[in-house]
Amino acid sequence: DPSQVGTPHTVRLIPADGAPIRVLDAEPREYTGLAWSADGKRVAALTTEQSLSMTNRLEVVDVATGKRWNAAPDLDRMMSSFVWTSDSQGLIALFRHRTRTRIVRFRAGGGAEADLGLTGRAALAPLTLDRAGRRLAFNSSTDREPNDPTVFDLESSTLRPATRLNPQVASWKPGREEAVI
């Protein structure tokens, strides 16, 4: 990376009960999307590793012990958003993979990932999980359609736009199509 994007921060835990402030990660880095697990035992954030600007690390911190690990250890991916699963046992992340976006579930403790089967539309951050933990909401588009609020069912891997913000676009025809090489 030729230049750094964003501002490096040091993550600190400031207890509401007045206990001493603890540094969770002493290495100043850019952090994005800090979120607590539903059970309150861990915190996760997107950050950088071996990069100045690509958010390629999904860092999880056990706040009781201070132990940190990368739940998504492949550093060749750029993640743009994540959410905790409702049971606090996993994380769902959105990242670009070549020319498409993927939504992947990771175990919070590390291990194998599961591709959730997003097809047909490009997903855009942020991800929002419903209370039941069964559906994700995000904006999405195709190469022919603008962004629309979209719902993705995690169990069936079905995707549907929740509404069409600009339905008139469907009737527009491009002047011509051509490939530029």
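Note that the coordinates shown come from a computational prediction; the quantities given were computed from them, not determined experimentally.

Examining the sheet that holds strand β12 (residues 135-141)
As summarised here, the arrangement of the 4 strands in space is β11-β12-β13-β14, forming an open sheet in which the pairing is antiparallel. Here the strands that pair on one side only, and so sit at the sheet edges, are β11 (122-129) and β14 (158-161). On average, adjacent strands in this sheet sit at an angle of 30 degrees to one another, irrespective of strand direction. Bridge count between β12 and strand β13 (residues 148-153): 6 bridges; the pairing is antiparallel. Bridge pairing in β13 places Leu-136 opposite Phe-152.

Quick look at empty space enclosed by the protein
All told, the structure shown has 1 cavity of 30 Å³ or more when counted by the stated rule. Along the walls of the largest cavity sit Val-11, Leu-24, Asp-25, Tyr-31, Leu-34, Val-43, Ala-44, Ala-45, Glu-59 and Val-61, which together make up its complete lining. Looking at the lining of the largest cavity, the elements with two or more residues in it are β2 (22-29), β3 (31-36), β4 (42-48) and β5 (55-62). Here the element with the most residues in the lining of the largest cavity is β4; it accounts for 3 residues. Split by residue class, the lining of the largest cavity holds 8 nonpolar, no polar and 2 charged.

Parameters and conventions
Residues numbered from 1 in each chain as written. Predicted model: local features only at pLDDT ≥ 70, side-chain atom pairs only at ≥ 80, totals over all residues. Heavy atoms only, no water. Pairing = 2+ DSSP bridges. Helix = DSSP H or I, 4+ residues; strand = E, 2+ residues; numbered from the N terminus. Axes fitted to C-alpha atoms, helices over the stretch in contact; angles between N-to-C directions. 1 Å grid on protein atoms, 1.4 Å probe; cavity = no way out; pocket = protein on both sides within 12 Å on 5 of 7 lines; lining within 4 Å. Points joined across faces, edges and corners; volume = space filled by probe spheres on them. Nonpolar A, V, L, I, M, F, W, Y, C, P; charged D, E, K, R; others polar.

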